[in-house]
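Report on the structure
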Amino acid sequence: MQAVNPRHHLGEATLLSYAAGALPAALAIVATTHSSMCMACRRQLRMAERIGGGLIALQHEAAPPAGAREAMLARLDACASSAAPALGSFEDAAAVGPDTLPVPLHPYFGRSLAGLPWRWMAAGMQGIRAGIGEGTLLMLRVAPGEGIPMHGHHGSEFTCVLQGAYDDEFGRFSAGDLAELGTDDRHRPVMASDMPCICIVGLDGDLHCEGCSPQALQPLFVA
Amino acid sequence: MITGKSTEVAEALQNPPSAAMHDWTAQLEAVACRHDRDSFMRIYDHFAPRVRRYLLGLGVGGALAEELTQEALLRVWQRAQQYDPGRSNPETWIFRIARNLHLDRVRREPAWRMAQEYLDDLDGAVDGQWPPGTESYAEEAIIHQAIQQLPGIQARVIRMSYFEAKSQQAIASELGVSLGTVKSHLRHAFLKLQAELTCKR
Ligand SMILES: [Zn+2]
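Criteria and cut-off values
- Throughout, residues of each chain are indexed from 1 in the direction in which the sequence is written.
- Chains and ligands are labelled sequentially in the order written, the chains with letters from A and the ligands with numbers from 1.
- With pLDDT at 70 or above as the cut-off, local features in this predicted model cover only qualifying residues; side-chain atom pairs require 80 or more to be listed or tallied, and sums for whole chains, interfaces and linings still use all residues.
- Hydrogens and waters are ignored; side-chain quantities use all the structure's heavy atoms.
- Donor selection uses N, O and S atoms within 2.8 Å of the metal (3.2 Å for Na, K and Ca). Since no water is included, sites may look incomplete.
- Only four donors with every angle between 85 and 135 degrees are called tetrahedral; only four or six donors with opposite donors over 155 degrees apart and all others between 65 and 115 are called square planar or octahedral, in that order; all others are irregular.
- Helix numbering and strand numbering both begin at the N terminus, where a helix is a DSSP run of H or I of at least 4 residues and a strand a DSSP run of E of at least 2.
- For this analysis, a salt bridge means a side-chain nitrogen from Lys or Arg found within 4 Å of a carboxyl oxygen belonging to Asp or Glu.
- Categorising residues by exposure relies on relative accessible area from a 1.4 Å probe, with only protein chains included: less than 20% of the type maximum marks a residue as buried, more than 50% marks it as exposed, and the intermediate range marks it as partly exposed.
- Here the expected span of a helix is defined as 1.5 Å times the quantity of residues minus one.
- Orientation is described by axes fitted as lines to C-alpha atoms, over the contacting stretch for helices, and by angles from 0 to 180 degrees between their N-to-C directions.
- Left-handed describes a crossing in which the near helix is turned anticlockwise from the far one by less than a right angle; the clockwise case is right-handed.
- Between two residues, a contact is recorded if the distance between any of their heavy atoms is within 4.5 Å.
- Amino acids are sorted into nonpolar (Ala, Val, Leu, Ile, Met, Phe, Trp, Tyr, Cys and Pro), charged (Asp, Glu, Lys and Arg) and polar (every other residue, Gly among them).
- Paired strands, in this sense, are two strands between which DSSP finds at least two bridges.
- Throughout, nonpolar core names a set of buried Ala, Val, Leu, Ile, Met, Phe, Trp, Tyr and Cys residues whose side chains join them through atoms within 4.5 Å.
- Note that the domain bounds were set by an automatic or database domain assignment.
- Our arc is simply the arc of the directions from the helix axis toward the C-beta atoms.
- Accessible surface is computed with a 1.4 Å probe, and the buried area is the amount of it that two parts give up when combined, taken over both parts together.
- Polar contact is the term for a pair of N or O atoms within 3.5 Å; when the atoms are in protein, one must be able to donate a hydrogen and the other to accept it, and sequence-neighboring residues count only if both atoms are side-chain atoms.

This part covers the coordination of the zinc ion. Angles at a metal have ideal values that depend on geometry: 109.5 degrees with four tetrahedral donors, 90 or 180 degrees with six octahedral donors. Residues and elements named next belong to chain A. On the protein side, the zinc ion has H9 (ND1), H34 (NE2), C38 (SG) and C41 (SG) as donor atoms, found 2.0 to 2.3 Å from it. Coordination at the zinc ion comes from 4 donor atoms whose angles at the metal span 94 to 117°, giving a geometry best classed as tetrahedral. Written as a sequence motif, the donor arrangement for the zinc ion is H-x24-H-x3-C-x2-C. Of this pair, H9 sits in the segment before α1 (12–20) while H34 sits in helix α2 (residues 25–36), placing them 25 residues apart in sequence.

The next thing to look at is the pattern of salt bridges. All names here are of chain B. Counting across every chain of the model gives 24 salt bridges over all chains. Across the salt bridge formed by R105 and E71, the nearest N and O atoms sit 2.8 Å from each other. Linking R105 in helix α6 (residues 90–106) with E71 in helix α5 (residues 62–79), this pair joins segments that are 34 residues apart in sequence. A relative accessible area of 17% means that E71 is categorised as buried. Across the pair R79 and E117 runs a salt bridge, and its minimum N-O distance is 3.8 Å. Of this pair, R79 sits in helix α5 while E117 sits in helix α7 (residues 110–122), and the two are 38 residues apart along the sequence. For R79, a relative accessible area of 18% puts it in the buried group.

Spanning 13 residues, helix α9 (residues 152–164) of chain B covers 17 Å between terminal C-alpha atoms, matching the ideal 18 Å at 1.5 Å per step. Restricting attention to buried positions, one finds in α9 of chain B the residues Q154, V157, I158, M160, S161, Y162 and F163 of chain B.

Attention now goes to the environment of R159 of chain B. In this structure, R159 of chain B sits in helix α9. Put simply, R159 of chain B and H185 of chain B are 26 residues apart on the chain and 12 Å apart in space, counted from C-alpha to C-alpha.

Residue and element names in this part refer to chain B. Direction vectors running N to C along helix α4 (residues 37–57) and α5 enclose 145°, while the axes themselves pass 9 Å from each other. Judged by the sense of rotation from one axis to the other, the crossing of α4 with α5 is right-handed. In this structure, α4 uses R37, F40, I43, Y44, A48, V51, R52, L55 and L56 to contact α5, whose residues at the interface are G62, A65, E66, L68, T69, A72, L73, V76 and W77. Looking at the contact of α4 with α5 residue by residue, the class counts come to 13 nonpolar, 2 polar and 3 charged.

All right, on to the sheet that holds strand β6 (residues 165–168) of chain A then. All names here are of chain A. Ordered by their spatial adjacency, 3 strands build an open sheet running β7-β6-β9, and the pairing between neighbours is antiparallel. Each of the sheet's edge strands pairs with one partner strand only, and the pair in question is β7 (171–174) and β9 (190–191). Relative to β9, β6 is paired through 2 bridges, and the arrangement is antiparallel. In the sheet register, Y166 faces β9, and the bridge partner there is M191.

Glancing now at the nonpolar core. A general feature of soluble globular proteins is that nonpolar side chains tend to end up buried together. Membership of the largest hydrophobic core comes to 100 residues, with the highest contact counts inside it found for I51 and M139 of chain A together with F40, L73 and Y162 of chain B. It is α4 of chain B that contributes the most residues to this core, 9 residues altogether. For this core, the domains that each give at least three residues are domain 1 (1–15 + 135–201) and domain 2 (24–131) of chain B. Aside from chain neighbours lying at most four places away, what touches Y162 of chain B is L16, A19, A20, A48, I51, G52 and L55 of chain A together with Y54, L58 and F95 of chain B. Membership of the second largest hydrophobic core comes to 16 residues, among which are V142, V161, A179 and V201 of chain A.

Turning our eyes to something else, we now look at helix α4 (residues 68–78) of chain A. Every buried residue belonging to α4 of chain A is among A68, M72 and L76 of chain A, and all of these are buried. Here the buried residues of α4 of chain A occupy an arc of 85° about the axis, which is enough to place them on one side. Opposite the buried face of α4 of chain A, by more than 90 degrees, sit the exposed residues E70 and A78 of chain A. Of the surrounding secondary structure, the elements contacted by the buried residues of α4 of chain A are α4 and α5 of chain B.

At the interface, 68 residues of chain A touch 73 residues of chain B. Here chain A and chain B share an interface that buries about 7100 Å² over both sides, 61% of which is from carbon and sulfur atoms. Of all residues in chain A, the largest losses of buried area upon contact with chain B belong to R46, R50 and L58 of chain A, amounting jointly to 11% of the total for that side. Viewed at the interface, chain B and chain A are joined by 9 salt bridges. Put simply, E12 of chain A and R187 of chain B hold a salt bridge, and the shortest N to O gap is 3.1 Å. For the pair chain A and chain B, the number of links is 24 residue pairs in polar contact (both at pLDDT 80 or more). Elements represented by at least two residues in the side of chain A that touches chain B include exactly α1, α2, α3 (39–58), α4 and α6 (106–109) of chain A. For the side of chain A that touches chain B, the element with the most residues is α3 of chain A, which contributes 17 residues. In terms of residue class, the side of chain A that touches chain B is built from 40 nonpolar, 16 polar and 12 charged.

Below, the structure written as structure tokens:
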């Protein structure tokens, strides 16, 4: 993906839950995708992690079981060299091309938009559902100018735009932008007219939709 | 009535701790440069009981909690050279190690750690947000005090998030309030702690 300058970011509550390791997995993956394109949110996450550091330092101590200290010392002997295991380089993974997906999505969708097994979901809309343990993770491709019927959400829905753009009640969302929608938020996104809009969507609950047949959205919920 | 913990923090603020006792950055540097076992064991003696409590609080069973505590501290030993004081203070670095281990090994979200390493990688070395020379123990004291001063409900949702890894929805259900209310408490807590750290530094 090319460099982007997002205008819609992670909310403060989300930053805290993310840093705490308490965001449902589907939402966390979308939040990571946005953060990989947004230095501002990476900085905010560091702030939220400092709170975790402060909390852990203020914890009461849990007494060690017998022999814990000796066991630790023995493990130091076992790796006395103190050699840092080499961290993997991400340069290959992040090699930029027009169809390269953000690195945090590679485990779920592979490296490239090219050749993805899109499935028909509704008129003008194709999708791919990734297998994750908790919640729903979808990549959507919606045709230029297409609208998605007004819908609300059970639980939370995070969307990060990868290509193209859409407009809804909350503004224009372009590549890199993150939208957080909750139970009470209803919206009717309309895609920009120049190119298909590709988004990654995380849900911690079900989508409910007015004006579209349950059958049309059914493939959303089939693993 | 002052709780034991705020007394401890208040004392730490009044009597700047001696470098030997509280400058964990220096201890980490000694581990990184000289593989100094005494420095490492000082870090171990201070942080292992807290990491253990953190994991037990997350519901990890005793034996596994001990195994992961050791593994977390072993990573401190092995990766001290990668610790970057310009990026995080020692307690935050150790928190991240423990949190990532929990997500990786207990919650079984194997992609999480790779993603965190990737995000770290993006900003290269020191990015200047925390200028070198900021004493980590001074900064730690500020955040400790700010956490202690959070209003009760904000402290509660923060603790449920960090220490019980509860989602906002789960917190809302447990407290019998709306999701929006939980988000609002978390938001206010974040803004308050952020303001303390950026103003007093
Ligand atoms: Zn952002």
